[in-house]
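Given next are the chains, with one letter for each unit.
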Amino acid sequence: MSEKNSEINQIDLRGLACPEPVLRTKKILDQKSTSPVSLLVDTDVTVKNLERLCSANKAQILESQKVNDHFRVLIAPTSKDSSKEEKKDGTIVGPVVFISKDSFGTGSSPMDHDFSSHLLNMFLQSLLATGHQIDAILMANSGVKIMADSAFKDVIAAFESAGTKVFACGLCVEYYKIKEQVPTEKITNMFAICEYLMTSTRVIEP
Amino acid sequence: MHKDNKLTKKVKAGGCASKMSSQELASILSVLQKNNSENLLTDMKNFEDACVYKLSEDMAVVQTLDFFPPMLDDPYLFGQIAAANALSDIYAMGAKPTLALNIIGFPTCDYTQSELQDVLHSILRGGADKVKESGALLAGGHSIQLSEPVYGLCATGFVHPKKVLTNGGAQDGDSIVLSKPVGTGVALLGLKGERLLKETANQLLNNMTMLNASALEAAADLEVHALTDVTGFGLIGHLHEMAKASGLNAYINRTQVKTFDQVRGLAREGFVPAGSYTNRDSYSQFTLFDKSVPLEDEDLFFDPQTSGGLLFALKASEAETLMERLLQKGLIASLVGKFVSEKEIGKVVVQ
């Protein structure tokens, strides 16, 4: 790393094989410094990968230009408020609802199940009525059972027509033997659910 | 072996990422004269996986040649992957491999005699084990000194001329089934950058070394209309070739396409191989992305696949049966979408 007084840090990443330039830039972004850094890289493929890295890390590319046989990329590792609901290339999703059981809240005894299920239904209807955009409803464990519960049919359909995606954990659907009642395009796996949870701005768990 | 003498050290692009771009290839191949034998059942312009020549009314020979530089440092795994990838071209024509020849190039001067023995033995043993598993015979080969290591097979199989499956032949409304997850290119960069969890690395290596024999077998009694394997041109590229050869358009339902664990996150962080960008350049003119499709899915659907899965076109009801069987076998198969007859042809629409 060469550092000139009062000038922008310049880091030479030329001659490094992919994915090394991305890994090194990630380290720079992780330092949470706010001063811009100028990177020298060999190929436009690396430039494009740095664009993706910066977008995923809420950093900014201020400038990228070809200089002779290489590229100079100026990045600003800004630390914006991550709770802000901001949709960049669809890489960050808005609020999602994560339903991991077929009842509302915790602590209800099996005897109260009907009431608790009714509450969950009311919760979903109220949430819909707020008019706030929900990007996805993710179901796992006994939460998937609401897909086969006729009482929930209308509210789920209403969410879908409001643009909410609905996904149920495939393993759970099989375990509770409700595969017939869940359309295949709504079946997903735990990994995809985790991806949603990690990239959404807010996770709501009833 | 010296740490600085890693198998991938001199490699610019390993595995199917080393493939020439389809645009380059098309322009180079255009100078070759078209063959006019009625016994040659495949047409070079369709970018088929292998050539098929009719020997008699009930016998056709299928031939393919496939080799590439290593995409990882373990020579035995590299041998297995290269062989599985080469043999896949035989399965992708609906045939079974019978004979295989090794083709190997190696920078012999960079290694001591004993290192060289170790590495070459391991690569060839990996290949031989896969050939054996396929039921074919390894019958010879050819080796040269080269600045960059490469390995693969020239493979031959046989099939009934009426049972040959090509890129063409898919029908309006056919479902599309893929027998392996996508994202080997992205995952391999993750492996190189030591970002893969052990489970993901195992998933990747299991799939890349897996023969496509069992996927083809699962469809043996089904009416498959068109077949290929997903390799260097990525899911979109190969779907485009299929759609074009069949006179249809392909629709991908992005949430249905199974990818390797972790790769969506890795792609988002810029672990995207050069081959994915090359494929994007070649195929974006034929591709329509819905606004809802995130960039990482685009990158993954353009991602060059090393030893990828078989891509089937068959009737929706048959596709369900095939999916059930593939999942039963433990394959990470997906029902990726469907073919539709429209005004234009060769489009790939991702929703």
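Residues numbered from 1 in each chain as written. Chains lettered and ligands numbered in written order. Predicted model: local features only at pLDDT ≥ 70, side-chain atom pairs only at ≥ 80, totals over all residues. Heavy atoms only, no water.

Participant: Could you give an account of the overall build of chain A, naming the residues involved and the relevant values?
Facilitator: When you go through chain A residue by residue, the secondary structure sums to 6 helices and 9 strands. Evaluated residue by residue, chain A yields a buried proportion of 43% over its 206 residues. (Helix = DSSP H or I, 4+ residues; strand = E, 2+ residues; numbered from the N terminus. Buried < 20%, exposed > 50% of the residue type's maximum accessible area, 1.4 Å probe, protein only.)

Participant: So what's going on with the side chain of Ser38 of chain A? Residues and values would help.
Facilitator: Residue and element names in this part refer to chain A. Following the sequence through the fold, Ser38 ends up in strand S2 (residues 37–41). Note on Ser38: relative accessible area 6%, which makes it buried. For Ser38, the residues in contact, after removing those within four places along its chain, are Ile8, Asn9, Gln10, Ile11, Arg72, Val73 and Leu74. (Contact = heavy atoms within 4.5 Å.)

Participant: Before we move on, could you go through the side chain of Ser88 of chain B and cite the residues and values that matter?
Facilitator: Residue and element names in this part refer to chain B. Residue position: Ser88 is located in helix H2 (residues 75–91). A polar side-chain atom of Ser88 sits 2.6 Å from a polar atom in the side chain of Asp229. In contact with Ser88, other than residues within four places in its own chain, are Asn212, Asp229, Gly308 and Leu310. (Polar contact = N/O pair within 3.5 Å; in protein donor to acceptor, adjacent residues only side chain to side chain.)

Participant: Could you give me a rundown of the pattern of salt bridges, with the residues and numbers involved?
Facilitator: Residues and elements named next belong to chain A. Taken as a whole and assessed by the stated rule, the structure comprises 20 salt bridges over all chains. Notably, a salt bridge pairs Glu160 with Lys186, separated by 3.2 Å at the nearest N-O pair. Of the two residues, Glu160 sits in helix H4 (residues 150–161) while Lys186 sits in the loop between helix H5 (170–175) and strand S8 (187–188), which places them 26 residues apart along the sequence. Residue classification places Glu160 among the partly exposed residues on the basis of a relative accessible area of 31%. (Salt bridge = Lys/Arg side-chain N within 4 Å of Asp/Glu carboxyl O.)

Participant: Residues and numbers for helix H3 (residues 113–134) of chain B, please.
Facilitator: Residue and element names in this part refer to chain B. The end-to-end C-alpha distance of H3, which contains 22 residues, comes to 32 Å, matching closely the 32 Å that a straight helix rising 1.5 Å per residue would cover. Buried residues along H3 sit against H2, strand S3 (96–106), strand S4 (137–145), strand S5 (150–159) and helix H5 (198–209). Backbone geometry just after H3 places Gly135 at a positive phi near 90°. (Expected span 1.5 Å × (residues − 1).)

Participant: Can you break down the interface of chain B and chain A residue by residue, with the values?
Facilitator: Contact residues are listed per partner, giving 26 residues for chain B and 24 residues for chain A. The junction of chain B with chain A conceals about 2,100 Å² of combined surface from both sides, 57% of it contributed by carbon and sulfur atoms. Taken as a group, Arg268, Glu269 and Tyr277 of chain B account for 32% of the area that chain B buries against chain A, more than any other trio of residues on that side. For the interface between chain B and chain A, the tally reads 2 salt bridges. Among the salt bridges present, the one from Asp299 of chain B reaches Arg52 of chain A, with a minimum N-O distance of 2.4 Å. Scanning the region where chain B abuts chain A turns up 8 residue pairs in polar contact (both at pLDDT 80 or more). Looking at the side of chain B that touches chain A, the elements that each hand over two or more residues are helix H4 (184–192), helix H8 (263–268), helix H9 (274–283) and helix H10 (295–302) of chain B. Looking at which element gives the most residues to the side of chain B that touches chain A, the answer is H8 of chain B, with 4 residues. Residue composition of the side of chain B that touches chain A, by class: 8 nonpolar, 8 polar and 10 charged. (Buried area = accessible area lost by both parts, 1.4 Å probe. Nonpolar A, V, L, I, M, F, W, Y, C, P; charged D, E, K, R; others polar.)

Participant: Please set out the packing of aromatic side chains residue by residue, giving values where relevant.
Facilitator: This model, assessed by the stated rule, comprises 9 aromatic pairs over all chains. When the centroid spacing of 5.0 Å and the interplanar angle of 90° are considered together, the rings of Tyr175 of chain A and Tyr176 of chain A count as edge-to-face. Judged by its relative accessible area of 25%, Tyr176 of chain A is partly exposed. Between the aromatic rings of Tyr283 of chain B and Phe286 of chain B, the centroid separation amounts to 6.5 Å while the plane-to-plane angle is 50°, which identifies the pairing as tilted. An aromatic cluster of at least three residues, connected via ring pairs, comprises Phe68, Phe78 and Tyr151 of chain B. (Phe/Tyr/Trp six-rings, centres within 6.5 Å; stacked < 30°, edge-to-face > 60°.)

Participant: Can you lay out the environment of Thr287 of chain B for me, pointing to particular residues and giving the numbers?
Facilitator: Residue and element names in this part refer to chain B. Summarising the element assignment, Thr287 is placed in strand S9 (residues 287–289). Classification of Thr287 as buried rests on a relative accessible area of 10%. Distance in space between the C-alpha atoms of Thr287 and Val350 is 7.5 Å, their sequence separation being 63 residues. Leaving out residues up to four positions away in the same chain, Thr287 has contacts with Ile236, Phe302, Val348 and Val350. From its side chain, Thr287 meets the backbone oxygen of Tyr283 in a polar contact 2.7 Å long.

Participant: Before we move on, could you go through the domain arrangement of chain B and cite the residues and values that matter?
Facilitator: Residue and element names in this part refer to chain B. Partitioning chain B into domains gives domain 1 (3–163) and domain 2 (175–350). For domain 1 and domain 2, the distance between their C-alpha centroids amounts to 21 Å. Facing 31 residues of domain 1, the contacting portion of domain 2 comprises 31 residues. At the boundary of domain 1 with domain 2, the tally comes to 5 residue pairs in polar contact (both at pLDDT 80 or more). When residues of the side of domain 1 that touches domain 2 are traced back to their parent elements, those giving at least two are helix H1 (22–29), H2 and H3. A per-class count over the side of domain 1 that touches domain 2 returns 15 nonpolar, 10 polar and 6 charged. (Domains from an automatic or database assignment.)

Participant: Could you give an account of the state of the cysteines, with specific residues and numbers?
Facilitator: Overall, the coordinates contain 1 disulfide over all chains when judged by the stated rule. The disulfide bridge from Cys169 of chain A ends at Cys172 of chain A, spanning 2.3 Å between sulfur atoms. Between Cys169 of chain A and Cys172 of chain A, the S-S dihedral sits near 80°, and the bridge is therefore right-handed. For Cys154 of chain B, which is in no disulfide, the shortest distance to another cysteine sulfur is to Cys51 of chain B and amounts to 9.0 Å. The exposure class of Cys154 of chain B is partly exposed, given its relative accessible area of 24%. (Disulfide = S-S within 2.5 Å.)

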